[in-house]
Number of protein chains: 4
Amino acid sequence: MIINKNSPYPFYEQVVLGIKEDIVQGIFQPGDKLLSVREMASVLMLNPNTVSKAYKTLESEGVIVTVRGKGTFVSDKQQRHYRNEQQVGKLKEALEKIVIEASYLNVSLPELQSWLAEISEGLGGNSDGSKKSSEDN
Amino acid sequence: MIINKNSPYPFYEQVVLGIKEDIVQGIFQPGDKLLSVREMASVLMLNPNTVSKAYKTLESEGVIVTVRGKGTFVSDKQQRHYRNEQQVGKLKEALEKIVIEASYLNVSLPELQSWLAEISEGLGGNSDGSKKSSEDN
Amino acid sequence: MIINKNSPYPFYEQVVLGIKEDIVQGIFQPGDKLLSVREMASVLMLNPNTVSKAYKTLESEGVIVTVRGKGTFVSDKQQRHYRNEQQVGKLKEALEKIVIEASYLNVSLPELQSWLAEISEGLGGNSDGSKKSSEDN
Amino acid sequence: MIINKNSPYPFYEQVVLGIKEDIVQGIFQPGDKLLSVREMASVLMLNPNTVSKAYKTLESEGVIVTVRGKGTFVSDKQQRHYRNEQQVGKLKEALEKIVIEASYLNVSLPELQSWLAEISEGLGGNSDGSKKSSEDN
DNA sequence: GTGGTCTAGACCACT
DNA sequence: GTGGTCTAGACCACA
């Protein structure tokens, strides 16, 4: 995971997304222990408060669970993979925004579609146990 | 155009997006005069400064042009439709974020693809003169 | 004289400058009669109020004089060519601003100097009677 | 930096220019942290919003970068020193205006040239590390 | 009438 | 602490 300090996205959101990405890719499996807030902060060169906020966000979304005195773990699949229609709505809205912006940047629909396929391919929605290398994250 | 006062997006960004959407849909044509800052503010129940900020943002993106003492107008297509690769990169990144979130919400790739098609259809990249009713905005 | 309706400069200032330019170039001589406000407005496709404001500005600077019932005339040289140190100060300040901006645009000093020479050449500070064609103004 | 509250230039533009000047003179170096919006506002006796607007303008020009929650910093030279021909055109136009006004104030070309040399000397396009005192600002 | 600038003061997100 | 957003209301320049 890399934090882009010049990104318009807040650091903590980048952490949230990065961890989700790792889980989607199967790098992290349910039950795996995450780095502690301090370790993660050290690795990413962020303020521990920032990492803490990210963990809290993930926990509120049910993605991870914190066990006092033990650490933070990736929660079970069932717990996270429920379909919140409200959030689905937001997602659709975000996609709509992208389509409008794309139109302004001369990015065609087929191009968007190919991006979509390409990204999905890259993430590899593999929910099986095959881990991917994460050396450069 | 409706401003969602509970949205996490700033009002002025919603205005920016809304106007872009109207232009993409052909409701606004190049050369058309937008509502004045005050009128728009009144219609949307926003502070004129907020609308002004949106207009300035759109102007800096080349979407509209303001003529002092006259008003604000939709600029010519040629002027806005250049392809800024940096912004295209951002767009792709945003799409990536969506794919990850989708995976989390149990939204499948085919579903995303169908959304994409559906949204594009709805906007209808019609660059001809046929205006669409704006009732459904 | 051409009014650039997309220029950041106000129309009336462009008119002021344009007339001064014509006088500097010798197209207008002391005593010459200017177009009436209405004629000038018609020629330049401007609102008469705008031209009127330009004329008033020029008159307050002593560049032209208005004779009631007769029209507006270029004033005598002596009257206009006095050296107002306050305005000279402003001029110097404006030049300073240009130098700073130039530095930001990678425009070197020699380049600025050559521009200066070139522009002066173009205007041709000819105070003799030789008129220049003004067809394209 | 001094804000002239009687100047025809907007405050925020004066701030923009003043900061650029400081950078050109080497008082501010790439990476240096600017005063916070509130501090600068306090020092200049302006409203924070006005300073904020200046900072945003500078950021949009690539002169400075803001890091959320951290502050505002002078950006790297490479990032800002690209040559935008459109802006160069504006610069030339501004110089032209000055030449015309100069002619009206009996300021000769040689005098303008000496001003130019003098100003450049004063700013001293020193890109080395030698800071200048800012007492005379 | 138009948009542009400025102020004062509030609240929020981020570090 | 930082900057970002929003409001309310004032004044000005321009057409």
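For the structure itself, look to the data block above.
Residues numbered from 1 in each chain as written. Chains lettered and ligands numbered in written order. Predicted model: local features only at pLDDT ≥ 70, side-chain atom pairs only at ≥ 80, totals over all residues. Heavy atoms only, no water.

### Comments concerning the overall build of chain A
Here is step 1: On a plain count of helices and strands, chain A comes out with six helices and two strands.
Here is step 2: N-terminal to C-terminal, the α/β element order of chain A is α-α-α-β-β-α-α-α.
Here is step 3: Looking at the 137 residues of chain A, the share that counts as buried comes to 40%.
Here is step 4: Pairs at least 24 apart in sequence give 54% of the contacts found in chain A among residues at least 6 apart.
Here is step 5: Of the accessible surface of chain A, which amounts to about 7,500 Å², a share of 50% is contributed by carbon and sulfur atoms. (Helix = DSSP H or I, 4+ residues; strand = E, 2+ residues; numbered from the N terminus. Buried < 20%, exposed > 50% of the residue type's maximum accessible area, 1.4 Å probe, protein only. Contact = heavy atoms within 4.5 Å. Areas by Shrake-Rupley, 256 points an atom, 1.4 Å probe, with all protein chains shown as cover.)

### Focus: helix H1 (residues 11-24) of chain C
Residues and elements named next belong to chain C.
Here is step 1: Taking 1.5 Å of rise per residue, 14 residues should cover 20 Å, and H1 covers 20 Å from first to last C-alpha, within 8% of that figure.
Here is step 2: With eleven of 14 residues buried, H1 is to be regarded as a mostly interior element.
Here is step 3: Looking one or two residues beyond H1, the residue adopting positive phi is Gly26, at roughly 85°. (Expected span 1.5 Å × (residues − 1).)

### As for the protein's contact with DNA strand E
Here is step 1: Taken together, 28 residues form the shell around DNA strand E, and within it Arg38 of chain B together with Phe11, Asn47, Asn49 and Thr50 of chain D come nearest.
Here is step 2: Among the atoms of DNA strand E close to the protein, meaning within 4 Å, 69% are from sugar or phosphate groups.
Here is step 3: In the environment of DNA strand E, a phosphate oxygen lies 3.1 Å from a nitrogen or oxygen atom belonging to the backbone of Phe11 of chain A.
Here is step 4: In this structure, a phosphate oxygen belonging to DNA strand E sits 3.2 Å away from a side-chain N or O atom of Lys53 of chain A. (Near = heavy atom within 4 Å. Polar contact = N/O pair within 3.5 Å; in protein donor to acceptor, adjacent residues only side chain to side chain.)

### Some details on the pairing of strand E1 (residues 64-67) of chain D
Residue and element names in this part refer to chain D.
Here is step 1: Here E1 pairs with strand E2 (residues 71-74) via four bridges, running antiparallel. Paired with Val67 across the strands is Gly71, a residue of E2.
Here is step 2: The antiparallel hairpin formed by E1 and E2 contains three residues in its connecting segment, where Gly69 sits at a positive phi of about 75°. (Pairing = 2+ DSSP bridges.)

### Some details on the interface of chain A and chain B
Size of an interface, as often reported, equals the accessible area lost when the parts are brought together.
Here is step 1: Listed as interface residues are 42 residues of chain A and, on the opposing side, 42 residues of chain B.
Here is step 2: Summing both partners gives a buried area of about 4,800 Å² for chain A against chain B, and 70% of it is carried by carbon and sulfur.
Here is step 3: Contact with chain B buries area across many residues of chain A, yet Leu91, Tyr104 and Leu105 of chain A alone supply 16% of it, more than any other trio.
Here is step 4: The interface formed by chain A and chain B holds six salt bridges in total.
Here is step 5: Joining chain A to chain B, the criterion identifies five residue pairs in polar contact (both at pLDDT 80 or more).
Here is step 6: With 16 residues, helix H5 (residues 85-104) of chain A is the largest single contributor of residues to the side of chain A that touches chain B.
Here is step 7: Residues of the side of chain A that touches chain B, tallied by class, amount to 23 nonpolar, seven polar and twelve charged. (Buried area = accessible area lost by both parts, 1.4 Å probe. Salt bridge = Lys/Arg side-chain N within 4 Å of Asp/Glu carboxyl O. Nonpolar A, V, L, I, M, F, W, Y, C, P; charged D, E, K, R; others polar.)

### Describing the relation of the copies chain A and chain B
Two chain copies, one operation linking them: a rotation about an axis together with a shift along it.
Here is step 1: Each copy of the sequence occupies a distinct position, and chain A is placed on chain B by a rotation of 178° and an axial shift of 0.1 Å, giving an RMSD of 0.3 Å. These values place the two chain copies in the arrangement generated by a two-fold rotation axis.
Here is step 2: Most of the interface of chain A is mirrored in chain B, where 100% of its interface residues are also at the interface. (Least-squares fit on C-alpha atoms with pLDDT ≥ 70 in both.)

### Remarks on the protein's contact with DNA strand F
Here is step 1: The immediate surroundings of DNA strand F are formed by 28 residues, with Phe11, Asn47, Asn49 and Thr50 of chain B together with Arg38 of chain D found nearest.
Here is step 2: Separating a phosphate oxygen of DNA strand F from a side-chain N or O atom of Tyr12 of chain B is a distance of 3.1 Å.
Here is step 3: Contact distances for DNA strand F include 2.5 Å between a phosphate oxygen and a side-chain N or O atom of Thr50 of chain B.
Here is step 4: Mapped onto the surface near DNA strand F, the elements with two or more residues apiece are helix H1 (11-24) and helix H3 (48-60) of chain B, H1 and helix H3 (48-60) of chain C together with helix H2 (37-44), helix H3 (48-60) and E2 of chain D.
Here is step 5: Classifying every residue of the surface near DNA strand F by side-chain character gives eight nonpolar, twelve polar and eight charged.

### Notes on the packing of H5 of chain A against helix H6 (residues 109-123) of chain B
Here is step 1: Put simply, H5 of chain A and H6 of chain B touch, their axes get as near as 10 Å, and they point 55° apart. On the basis of their axis angle, the class for H5 of chain A and H6 of chain B is oblique. For the crossing formed where H5 of chain A meets H6 of chain B, the hand is right-handed. For the pair H5 of chain A and H6 of chain B, contact is made by Val88, Leu91, Lys92, Leu95, Glu96, Val99 and Ile100 of chain A and by Leu112, Trp115, Leu116, Glu118, Ile119, Ser120 and Leu123 of chain B, respectively.
Here is step 2: Looking at the contact of H5 of chain A with H6 of chain B residue by residue, the classes come out as ten nonpolar, one polar and three charged. (Axes fitted to C-alpha atoms, helices over the stretch in contact; angles between N-to-C directions. Parallel < 35°, antiparallel > 145°, perpendicular 65-115°, else oblique. Left-handed = near helix turned anticlockwise from the far one by under 90°.)

### A short note on the nonpolar core
Here is step 1: Counting 73 residues, the largest nonpolar core has Ile19, Val107 and Leu112 of chain C together with Ile19, Val107 and Leu112 of chain D as the members making the most contacts within it.
Here is step 2: Counting residues per element, this core draws most heavily on helix H5 (residues 85-104) of chain D, at nine residues.
Here is step 3: Ignoring anything within four residues of it in the chain, the contact list for Val107 of chain C reads Ala102, Leu112 and Trp115 of chain C together with Arg83, Val88 and Leu91 of chain D.
Here is step 4: Residues Val16 and Ile100 of chain A together with Val63 and Val107 of chain B belong to the second largest nonpolar core, which totals 72 residues. (Core = buried A, V, L, I, M, F, W, Y, C linked by side-chain atoms within 4.5 Å.)

### Side note on the pattern of salt bridges
Here is step 1: Throughout the structure, instances matching the rule amount to 16 salt bridges over all chains.
Here is step 2: One salt-bridge network, in which partners are shared between bridges, spans Lys20 and Glu61 of chain A together with Glu101 of chain B.

### A look at the packing of aromatic side chains
Here is step 1: As enumerated under the stated definition, the model contains zero aromatic pairs over all chains in all.
Here is step 2: Taking the ring centre of Tyr104 of chain A as reference, the NZ or CZ of Lys20 of chain B above it sits at 5.7 Å.
Here is step 3: Across from the ring centre of Tyr12 of chain D, 4.5 Å away, lies the NZ or CZ of Lys53 of chain D, which sits over that ring. (Phe/Tyr/Trp six-rings, centres within 6.5 Å; stacked < 30°, edge-to-face > 60°. Lys NZ or Arg CZ within 6 Å of the ring centre and 35° of its normal.)

### Some remarks on the environment of Pro48 of chain B
All names here are of chain B.
Here is step 1: With respect to the secondary-structure elements, Pro48 resides in helix H3.
Here is step 2: You can call Pro48 partly exposed: its relative accessible area is 35%.
Here is step 3: Here the alpha-carbon distance between Pro48 and Arg38, two residues ten residues apart in the chain, equals 5.5 Å.
Here is step 4: Once residues lying within four places of it in the same chain are set aside, the contact partners of Pro48 are Val37 and Ala41.

### Quick word on unusual backbone geometry
Here is step 1: The residue Met45 of chain A is not glycine, and still its phi comes out positive at about 55°.
Here is step 2: Within the secondary structure, Met45 of chain A is located in the loop between helix H2 (37-44) and helix H3 (48-60).

### Remarks on the packing of H2 of chain A against H3 of chain A
Residues and elements named next belong to chain A.
Here is step 1: Across the interface, H2 lies against H3 with an axial gap of 8 Å and an inter-helix angle of 120°. Between H2 and H3, the crossing angle belongs to the class labelled oblique. In this structure, H2 meets H3 at a crossing whose hand is right-handed. Taking contact as the criterion, the partners of Val37, Met40 and Ala41 in H2 are, on H3, Pro48, Val51, Ser52 and Tyr55.
Here is step 2: Its residues placed into classes, the contact of H2 with H3 shows six nonpolar, one polar and no charged.

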